Amino acid sequence: MPAQIDHVVVLMLENRSFDCMLGRLYPQDPDYQGLTLNESNTYAGTTYPVWNDSGMSADTACIPTPDPGESFIDMNEQLFGGPPAPAPAPMTGFAANYATQPPSSDGPFIPANVMHYFSPEQVPMISTLAKAFGVCDQWHASAPCQTWPNRFFAHTGTALGHVDNHTFPIPYPAPSIFRRLQDNGKTWRVYFHDMPQSGLLRDIWLYALFHFKGFHQFLADAHTGSLPNYSFIEPRYFTDLFLNNIPNDEHPPHNVVYGERLIAAVYNAVRSSPCWKSTLLIITCDEHGGCYDHVPPPAAVRPDPYNQYGFGFDRYGVRVPAVIVSPYVPPGSKIRPPPNADGNTYPFDHTSIIATVRNLFGLGAPLTARDAVAPDLLAALSLAVPANDGPPNIDPSLIQPAVSELQTRADASPNGVQRSLSAAAATLPTNPPATDEDIPDPAPMPPNPYSTVATAQANATARTQLFLGT
Amino acid sequence: MNKAVAAILLAGILTSALYAADQATAPATSPISPPATVPPTDQTKVGAGTGSQQEKPDTISGLLDSKGNHACVGLNEKLLVQLSAASAKPLTHLDATKYALFFNGQEVKDLPDAFFDPKHHSLVFVLKRTDKNRDLWTSLLGSPSLSHLTRQVTVSLGERPTDTKAAVQSTISGTDGSDTLELKVLPPWRLGIAILLVAGVIWLVFARARKNTTLRDNLLPQIPAARQTYSLARWQMAFWFVLVFCSFIFLYIITWDYNTISQQALTLMGISGGTALAAVAVDVAKDSPADAVDRGLRALGFNSYDDVVRVREEIAARQAELQSNPPPSAQRIAQLQIEIRDRQILLRTYEDRIRPFLTQGWFKDLTTDLNGAAVHRLQVFCWTWVLGLVFLIGVYRDLAMPEFGATLLVLMGISSAGYVGFKYPEKNN
């Protein structure tokens, strides 16, 4: 009897590789594709092995600082040590790419920083859930690209040929899983903190007003048992000096403790919800963000004919953490993709979310060729009854950001996703669109004019509020 | 404001001058003066050597002021009591020290020694208020009314008995109103100066507070003064300052006594001052929502309200350019629209973020915090009003600042301490 799942909740954080967050989850298990501690990169004659900074000071929680490179070119250098070459990628260029980044106000680019991993004790929330339920050690980012291509893959199964954030047209025109849910009478909501990146999807602008809600609404919906069929949660991308809020997206060099707190908040809300027994929670990151991972990305099915810089999206990105939580998932599961109907086995990627939702709710044909072959997660729900209740709750660190930390983050230059979000915000309508005529045609994004996170945040949140009518 | 300060200073100078003039009703130049040039034995102490021949007055034939006019006198002034004897002959000699003055049948004790004025055939009394006659003066002058600036008092005299321990009896009175004194309660010129002073201080403290931060929190420099919230601690301090100041002026113009500020009044001012100081200490000691908003606005370039004005002016300038003739190029129009929109977004953020810190009116500001109604604030507000009213009534009725019991002062202290204590978590919410 298939698992009775009525609610899928996805929490997508930012820019951490699988090895960075979960590489040492099962150190004694040879079946687990984690770190053996023999992995290393070499740069300028010096070998930089993977390493762990013991303890969990604020400095440790922010490794790597400064932010590694995450453009398409950076990623190729990280994987191949130069231009793309035939697979498999040797995964040898992380240290070199990091060491050769342009100067940053956040400090020097010390090559060892990108080779750092967190122990399970340092990231206890995601580690606890990974052990109590299931972890995917074969979940790749959909493309070796920045945030936006990967997030759009999660929503639409394609990036329409764009490898970097700043080249996307806004509003983004590809059909989305949200619209598919809408058209099939299923409920969905995006829960966000400051500005939802998914709010740039053109085909749901007419529904934005009633489907984009603050994260507090997720907690309320979970508490009252009124979670929609599909919930997508976006973390806080910006520092908000006004409310003493610091990013909880885990994007380097943001402190991962705040992301851990968000994971705990989401899990605790779902676990205590009347919807718990029929909920599937997926916790993942959009891309690796330049953090080291030792598994070469395999070849992928092209979603469509589009390409950029000669790259046709026929290769996955670097592995990212993926934890699958449900009372139907046996404790300690290592979730692997089942063979596809065509006989091939494809790794999980973000389009597996689309495949799962589509298959679970009977939403019809695939959105693209990529999600058509993507393995879904239904096989991971292997318990006959929802018997694995896991921990009743998980208790995160309650540290609060210091004023100096807030000020430092607010005064910093915006990172890639912050720059793109604030630039895209400038193109948002000043009122919620009421008809198709109110929705403008896709157009190139203007350049980001904001030199600090604080100004970018103010612009992005104010324009989002206008757009969503809040 | 300069005019107001000048007016108050002028009023102060006038007060001093008038007081000096009042005191300068010197005996030597006055129509009525002590008999400095007349040997006491001849006039004031006439009876000392010729007691058997001294005439004894039996009637008050009139009451005069120091200028010899029909009597309308007040505290610190001379009252001439004209006497006549049964023989109808004018009195030329009298031992003034034998006679005590009575108002409404009560002896006015502890007055300076009276003397006899042969020119006006009068006993001259200087009306002084001392500890021994304070109650009598309070009954005569207390609870004054602006509609009756004088009060009628029946004057009589009594002859002191030989036995100094025996009570003096009122034995000499007048007829047909000759013994009726118009006692000055609120001399018009003193009243005018007092009103000027009190109005000036009230204007300085309360009226001006509508447009500056005298009584406001000044939490965010990006908010103009008139939109800042009112501060409970500052209001309380100003309340007691104005109350004690007005009471002091009121008592001074009636009693001419400047030693009227009681220890309890000082304690109340101390409690209110201490509360304000502690509130400021809490404000600066802990990071608060206002501090966070201040940091956020500074990060956007809003360091003060001047920056807000500047951004508004930049928008206006660009809008004017859009309307200019000939119109700017299409490229320039697009650029101007982007710049206007960016600044409007900035201002929107500014308005959104300062909203919780804007005044919602005096009463609501004083009795609520960011979380809504606050009982610790309401408690301080109510007790301040109650004690203030009790204080005012006491001053008006008893012509003295009330001596509050320790219990009431402790109550006020507890309220204020509670307010400061609750202010700490209030700031962190």
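What counts, and where the lines are drawn
Residues numbered from 1 in each chain as written. Chains lettered and ligands numbered in written order. Predicted model: local features only at pLDDT ≥ 70, side-chain atom pairs only at ≥ 80, totals over all residues. Helix = DSSP H or I, 4+ residues; strand = E, 2+ residues; numbered from the N terminus. Rg over C-alpha atoms; globule rule 2.2 N^0.38 Å. Buried ≥ 20, exposed ≤ 12 C-beta atoms within 10 Å, placed from the backbone. Contact = placed C-beta atoms within 7 Å. Domains from an automatic or database assignment. Nonpolar A, V, L, I, M, F, W, Y, C, P; charged D, E, K, R; others polar. Arc of directions from axis to C-beta. Pairing = 2+ DSSP bridges. Axes fitted to C-alpha atoms, helices over the stretch in contact; angles between N-to-C directions. Expected span 1.5 Å × (residues − 1). Parallel < 35°, antiparallel > 145°, perpendicular 65-115°, else oblique. Core = buried A, V, L, I, M, F, W, Y, C linked by C-beta atoms within 7 Å. pLDDT = per-residue confidence, 0-100.

## Quick notes on the overall build of chain A
A count of helical and extended segments in chain A gives 15 helices and twelve strands. Scaling as 2.2 N^0.38, a compact globule of 470 residues should have a C-alpha radius of gyration of about 23 Å, and chain A matches this with 20 Å. Residues counted as buried form 59% of the 470 residues belonging to chain A.

## A short note on the overall build of chain B
Secondary structure assignment for chain B yields twelve helices and twelve strands. Relative to its 429 residues, chain B shows a buried fraction of 32%. Within chain B, contacts between residues at least 6 apart in sequence are counted, and of these 71% link residues at least 24 apart.

## Section: unusual backbone geometry
Residue Thr 65 of chain A is joined to Pro 66 of chain A through a cis peptide bond whose omega torsion reads 0°. On the secondary structure map, Pro 66 of chain A appears in the loop between helix 2 (58-61) and helix 3 (72-80). In this structure, the amide linkage connecting Asn 325 of chain B to the following residue, Pro 326 of chain B, adopts the cis form with an omega of 5°. Looking at the secondary structure, you find Pro 326 of chain B in the loop between helix 8 (305-322) and helix 9 (330-354). Residues other than glycine seldom take positive phi values, yet Leu 160 of chain A does so here, at roughly 50°. Structurally, the position occupied by Leu 160 of chain A is in the loop between helix 6 (147-156) and strand 5 (169-170). One non-glycine residue with positive phi stands out, namely Trp 256 of chain B, at about 60°. Along the chain, Trp 256 of chain B turns up in the loop between helix 5 (232-255) and helix 6 (263-285). A count of 18 C-beta atoms within 10 Å places Trp 256 of chain B in the partly exposed class.

## Points about the domain arrangement of chain B
Residues and elements named next belong to chain B. Each assigned domain of chain B is listed with its residue range as follows: domain 1 (2-28 + 190-292 + 357-423) and domain 2 (60-177). Taking only C-alpha atoms into account, the centre of domain 1 sits 41 Å from that of domain 2. Each side of the interface is counted separately: domain 1 has ten residues, and domain 2 has nine residues. Those elements that provide at least two residues to the side of domain 1 that touches domain 2 are helix 5 and helix 11 (375-398). Among the residues making up the side of domain 1 that touches domain 2, the classes are represented as four nonpolar, two polar and four charged.

## Re helix 13 (residues 403-411) of chain A
Residues of helix 13 of chain A that are buried include every one of Leu 406, Arg 409 and Ala 410 of chain A, and no others. The arc that holds every buried residue of helix 13 of chain A, seen down its axis, measures 100°, which confines them to one face. In this fold, the buried residues of helix 13 of chain A make contact with helix 15 (453-468) of chain A together with helix 7 (289-299) of chain B.

## Concerning the environment of Ala 199 of chain B
Its place among the elements puts Ala 199 of chain B in helix 4 (residues 188-207). Along the backbone, Ala 199 of chain B and Thr 175 of chain B are 24 residues apart, and their C-alpha atoms lie at a distance of 44 Å.

## A word on the sheet that holds strand 6 (residues 188-192) of chain A
All names here are of chain A. Read across the open sheet, the eight strands follow the order 7-6-8-1-9-10-4-11; overall the sheet is mixed. Each edge of the open sheet carries a strand with a single partner, namely strand 7 (212-214) and strand 11 (333-335). If you compare each strand with its neighbour and ignore which way they point, the axes differ by 20° on average. Inspection of the sheet shows strand 4 (residues 134-136) paired to strand 10 (residues 322-325) by two bridges, in the antiparallel sense. Paired with Val 135 across the strands is Val 323, a residue of strand 10. Relative to the sheet, helix 10 (residues 256-271) contacts strand 1 (7-13), strand 8 (230-233), strand 9 (279-285) and strand 10, its axis offset from that of strand 9 by approximately 170°.

## Let's talk about helix 10 of chain A
Counted at 1.5 Å a residue, the expected span for helix 10 of chain A with its 16 residues is 22 Å, and the 22 Å between its end C-alpha atoms agrees. The buried fraction of helix 10 of chain A is high, at 14 of 16 residues.

## A short note on the packing of helix 7 of chain B against helix 9 of chain B
Residue and element names in this part refer to chain B. Relative to each other, helix 7 and helix 9 sit at 170°, their axes nearing to 10 Å. Put simply, helix 7 runs roughly antiparallel to helix 9. Across the interface between the two elements, Val 293, Gly 296 and Leu 297 of helix 7 pack against Tyr 350, Arg 353 and Ile 354 of helix 9. Within the contact of helix 7 with helix 9, the residues separate by chemical class into four nonpolar, one polar and one charged.

## Comments concerning the pairing of strand 3 (residues 78-85) of chain B
Residue and element names in this part refer to chain B. The buried fraction of strand 3 amounts to seven of the eight residues, a majority that puts the element mostly inside the structure. Taken together, the six bridges between strand 1 (residues 57-64) and strand 3 define a ladder with antiparallel strand orientation. Looking at the pairing, Thr 59 lines up with Ser 84 of strand 3. Where strand 3 and strand 7 (residues 122-126) come together, five bridges link them in antiparallel fashion. In the sheet register, Leu 80 faces strand 7, and the bridge partner there is Val 124.

## Concerning the interface of chain A and chain B
Residue-level contacts link 14 residues of chain A with twelve residues of chain B. Those elements giving two or more residues to the side of chain A that touches chain B turn out to be helix 13 and helix 15 of chain A. In terms of residue class, the side of chain A that touches chain B is made up of eight nonpolar, five polar and one charged.

## Here we look at the pairing of strand 1 of chain A
Residues and elements named next belong to chain A. Across the seven residues of strand 1, seven count as buried, placing the element largely inside the fold. Relative to strand 9, strand 1 is paired through seven bridges, and the arrangement is parallel. Among the inter-strand pairings, Leu 11 is bridged to a residue of strand 9, identified as Ile 283. Bridge count for strand 1 against strand 8 is four bridges, and the pairing is parallel. Counted as the bridge partner of Val 10 is Phe 232 from strand 8.

## Focus on the nonpolar core
Counting residues in hydrophobic clusters, the biggest one holds 162 residues, and the most contacted among them are Ile 126, Val 266, Val 323 and Ile 324 of chain A. Residue contributions to this core peak at eleven residues, all from helix 10 of chain A. In contact with Ile 324 of chain A, other than residues within four places in its own chain, are Phe 133, Gly 134, Cys 136, Ile 282, Val 329, Ile 335, Leu 377 and Ala 380 of chain A. Core analysis: the second largest hydrophobic core is formed by 67 residues, Leu 91, Ala 96, Leu 123 and Leu 251 of chain B among them.

## Looking at the confidence of the model for chain B
The predicted coordinates should not be examined in detail at positions where pLDDT is low. All names here are of chain B. This prediction gives chain B a mean pLDDT of 82; 85% of its residues lie at or above 70. Highest mean pLDDT in chain B belongs to helix 8 (97); lowest belongs to helix 2 (residues 47-50) (38). pLDDT under 50 marks residues 1-30. Its contacts with residues more than four places away, or in other chains, come to 22 contacts. Considering only residues more than four positions removed or in separate chains, one finds that residues 36-52, a stretch of pLDDT under 50, has 23 contacts. We note a pTM of 0.78 for the whole complex and an ipTM of 0.80 for its interfaces.

## Considerations on the packing of helix 5 (residues 124-132) of chain A against helix 10 of chain A
Residues and elements named next belong to chain A. Interhelical geometry of helix 5 versus helix 10 gives an angle of 45° and a closest axis separation of 8 Å. Here helix 5 is positioned oblique relative to helix 10, judged by the angle of their axes. From helix 5, Met 125, Ile 126 and Leu 129 reach across to helix 10, where they touch Glu 260, Ile 263, Ala 264 and Tyr 267. When its residues are assigned to classes, the contact of helix 5 with helix 10 shows six nonpolar, no polar and one charged.

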